[in-house]
Amino acid sequence: MKKTVNHKAWFMVLPVLLLVAFSAVIPLMTVVNYSVQDTFGNNEFFWVGLEWFEEVLHSQRLHEALGRQALFTAIILLIGIPLGIFIALNMPKHKGLWSSVCLVLVALPLLIPWNVVGTIWQVFGRIDIGLLGYTLASLGIDYNYTQNSLDAWITIIVMDVWHWTSLVVLLCYAGLQSIPDAYYQAAKIDQASRWSVFRYIELPKMKGVLIIAILLRFMDSFMIYTEPFVVTGGGPGNATTFLSIDLVKMAIGQFDLGPAAAFSLIYFLCILLVSWAFYTIMIHSDKEAN
Amino acid sequence: MDLSWMGWTQPTAIFFATIGSLLVIMTVWNILSPQTPRVGILRFETTRGDRLFISLLGSAFICLIWLGLVGSPLWGALVVCVVFAACVFRWV
């Protein structure tokens, strides 16, 4: 069959193209322009070349923020992904009332906006009125997320795991649902252990959704802003000042547009690299599967 | 249309014009001689567009590494970038 070629269809893409140009490309170009200049406001700019990039690349403050960010993302992925798989494996396999109840319960945290999650945990962890903080204090555990860095980290990590593990669970559950019963029956005939069933049936079948889950969790945790901002404000000291919090402090707090622009471009390139890698792996494994 | 709020400078304008013309050249090239994706040293299929993307992203990191280790100006890094892009188009 000969396909007809109709290039007029490209015009259908035009609205999206304009929208993306307006909302992403033009702002990004502006950021690039800002990153090579200095300004004292009033739309007056002074050419500084690549000074900001050099400053940012050598800045102790940003190295530390990047380190904290990488650590946070690694911890979130190490806890969130296995926990999500574990919960998905223990959800009821067959459709019914119980599985619907489980799904709704699991999906609940996803419906809550970031700043509300932050506020909930900010109150939850308080020693005077929060359930968690008060209980821990009455058990004699010294817990104070506003003064102790470790406590602040634990609070933010538990909060993020609570908020986003559901996403991993839902994706994995969808992956598990797509496995035909015949696979399990075959495994039973071969007297496969629980681990073998997981390793050779469930995990390979979940590969596609897991890559998406890891990509989404990576992106979300790597650019996290609102929740830690509401709970700790980046403190105590700089203990929970992640990249985006530092970036906003620099750009809006100190109005250092040039360094902030250079910094956000480096941040953008890091995310672009990782996203491209994940995307390529995803497309590649899809083709392999077909 | 007043674009002064965007803070344009000549070097950044040249930078974006270069990327824009690269995209146009790639489009024209693709119309003149349509491509077939091939498997290179990264062991997955790439099109010319993929190779351009890899070249540009890699070049950005080459420039950043150069700035971090050597410092400005970036002419040396630019040479490395061109060599890198040529390698990507040849082997990836």
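In this text, all values refer to a predicted model and were calculated from it rather than measured experimentally.

## Topic: the overall build of chain B
Each helix and strand counted, chain B has three helices and two strands in total. Mapped in sequence order, the helices and strands of chain B form the string α-β-β-α-α. Relative to its length of 92 residues, chain B is extended, with a C-alpha radius of gyration of 16 Å against a globular reference of 12 Å. Once the C-alpha set of chain B is aligned to its principal axes, its extents read approximately 45 × 40 × 15 Å. Per-residue burial over chain B gives 30% buried out of 92 residues. Considering only contacts within chain B whose residues lie at least 6 apart along the sequence, 49% involve residues at least 24 apart. By element, 75% of the accessible surface of chain B is carried by carbon and sulfur atoms, the whole surface being about 5900 Å².

## Structural notes on helix H1 (residues 14-35) of chain A
Residues and elements named next belong to chain A. Over its 22 residues, H1 runs 30 Å from end to end, which matches the ideal 32 Å to within 8%, given 1.5 Å per residue. The sharpest bend along H1 comes to roughly 45°, located at alanine 21. Along H1, the positions that sit buried rather than exposed are Thr30, Val32, Asn33, Tyr34 and Ser35.

## Some remarks on the pattern of salt bridges
All names here are of chain A. The full count for this structure, using the stated rule, is five salt bridges over all chains. A salt bridge links aspartate 160 to arginine 217; the nearest nitrogen and oxygen atoms lie 2.5 Å apart. On the criterion of sequence distance, the pair formed by aspartate 160 in helix H7 (residues 149-177) and arginine 217 in helix H9 (residues 194-222) is long-range, its members being 57 residues apart. Using a relative accessible area of 4% as the deciding quantity, one classes arginine 217 as buried. Salt bridges linked by common partners bring Asp160, Arg217 and Asp220 together as one network.

## Brief notes about the domain arrangement of chain B
Residue and element names in this part refer to chain B. Each domain of chain B was delimited in the assignment, giving domain 1 (1-34) and domain 2 (38-92). Summarising the inter-unit geometry, the C-alpha centres of domain 1 and domain 2 are found 18 Å apart. Taken together, the seven residues of domain 1 in the interface contact five residues of domain 2. Carbon and sulfur atoms supply 76% of the area that domain 1 and domain 2 bury against each other, a total of about 500 Å² over both sides. Where domain 1 packs against domain 2, one counts zero salt bridges. In this assembly, domain 1 and domain 2 are joined by one residue pair in polar contact (both at pLDDT 80 or more). For the side of domain 1 that touches domain 2, the residue count by class is five nonpolar, two polar and no charged.

## Description of the interface of chain A and chain B
The interface is formed by 25 residues belonging to chain A together with 24 residues belonging to chain B. When chain A packs against chain B, the two sides together hide about 2200 Å² of surface, and 76% of this comes from carbon and sulfur. The three residues of chain A that bury the most area against chain B are Asn33, Leu269 and Trp276 of chain A, which together make up 24% of that side's buried surface. Taken together, chain A and chain B are joined by zero salt bridges. Our count for the contact surface shared by chain A and chain B stands at four residue pairs in polar contact (both at pLDDT 80 or more).

## Some words on the nonpolar core
Residue and element names in this part refer to chain A. Residues Phe53, Ile81, Ile85, Cys172, Leu176, Met206 and Phe263 are the most contacted members of the largest nonpolar core, which totals 54 residues. For this core, the leading source of residues is H9, giving nine residues. The next biggest cluster of nonpolar side chains, apart from the first, holds 17 residues, and it includes Ile76, Trp121, Tyr145 and Val231.

## A word on a nonpolar patch on the surface
Residue and element names in this part refer to chain A. Nonpolar side chains collect at one region of the surface, where Leu97, Trp98, Val101, Val104, Leu105, Leu108 and Leu111 lie side by side and expose about 790 Å² of accessible area between them. Structurally, leucine 108 can be placed in the loop between helix H4 (97-107) and helix H5 (114-124). Among the residues examined, leucine 108 registers a relative accessible area of 43% and is labelled partly exposed.

## Re the environment of tryptophan 47 of chain A
Tracing the sequence through the fold places tryptophan 47 of chain A in strand E2 (residues 45-47). Of the residues examined, tryptophan 47 of chain A reaches a relative accessible area of 49% and is grouped as partly exposed. Tryptophan 47 of chain A sits 143 residues away from aspartate 190 of chain A along the chain, and the two C-alpha atoms are 72 Å apart. With residues near it in sequence (within four places) discarded, tryptophan 47 of chain A still touches Val36 and Gln37 of chain A together with Thr9 and Pro11 of chain B.

## So, the packing of aromatic side chains
All names here are of chain A. A full pass over the atoms with the stated rule returns 18 aromatic pairs over all chains. Taken together, a centroid distance of 5.2 Å and an interplanar angle of 15° make the contact between tyrosine 225 and phenylalanine 229 stacked. With a relative accessible area of 25%, tyrosine 225 lands in the partly exposed category. Residue classification places phenylalanine 229 among the partly exposed positions, given a relative accessible area of 43%. Here the aromatic cluster, defined as three or more aromatic residues joined through ring pairs, consists of Phe218, Phe222, Phe263, Tyr267 and Phe278. For the cation-ring pair, lysine 93 lies above tyrosine 184, with the distance from its terminal atom to the ring centre recorded as 5.5 Å. A cation sits over an aromatic face here: arginine 199 above tyrosine 200, 5.0 Å from the ring centre.

## Some details on empty space enclosed by the protein
Residues and elements named next belong to chain A. With the rule as written, the count across this model stands at one cavity of 30 Å³ or more. Of the volumes computed, that of the largest cavity is approximately 40 Å³. Together, Ile76, Gly80, Asp160, Val161, Trp164, Thr165, Val168 and Arg217 line the largest cavity. If you list the elements that add at least two residues to the lining of the largest cavity, you get helix H3 (60-89) and H7. Per element, the largest residue contribution to the lining of the largest cavity is five residues, and it comes from H7. In terms of residue class, the lining of the largest cavity is built from four nonpolar, two polar and two charged.

About the thresholds
- Residues numbered from 1 in each chain as written.
- Chains lettered and ligands numbered in written order.
- Predicted model: local features only at pLDDT ≥ 70, side-chain atom pairs only at ≥ 80, totals over all residues.
- Heavy atoms only, no water.
- Helix = DSSP H or I, 4+ residues; strand = E, 2+ residues; numbered from the N terminus.
- Rg over C-alpha atoms; globule rule 2.2 N^0.38 Å.
- Buried < 20%, exposed > 50% of the residue type's maximum accessible area, 1.4 Å probe, protein only.
- Contact = heavy atoms within 4.5 Å.
- Areas by Shrake-Rupley, 256 points an atom, 1.4 Å probe, with all protein chains shown as cover.
- Expected span 1.5 Å × (residues − 1).
- Bend = angle between axes of the 7 residues up to and from the residue.
- Salt bridge = Lys/Arg side-chain N within 4 Å of Asp/Glu carboxyl O.
- Domains from an automatic or database assignment.
- Buried area = accessible area lost by both parts, 1.4 Å probe.
- Polar contact = N/O pair within 3.5 Å; in protein donor to acceptor, adjacent residues only side chain to side chain.
- Nonpolar A, V, L, I, M, F, W, Y, C, P; charged D, E, K, R; others polar.
- Core = buried A, V, L, I, M, F, W, Y, C linked by side-chain atoms within 4.5 Å.
- Patch = residues over 30% accessible without salt bridge, like charges linked within 9 Å, V, L, I, M, F, W, Y side chains within 5 Å.
- Phe/Tyr/Trp six-rings, centres within 6.5 Å; stacked < 30°, edge-to-face > 60°.
- Lys NZ or Arg CZ within 6 Å of the ring centre and 35° of its normal.
- 1 Å grid on protein atoms, 1.4 Å probe; cavity = no way out; pocket = protein on both sides within 12 Å on 5 of 7 lines; lining within 4 Å.
- Points joined across faces, edges and corners; volume = space filled by probe spheres on them.

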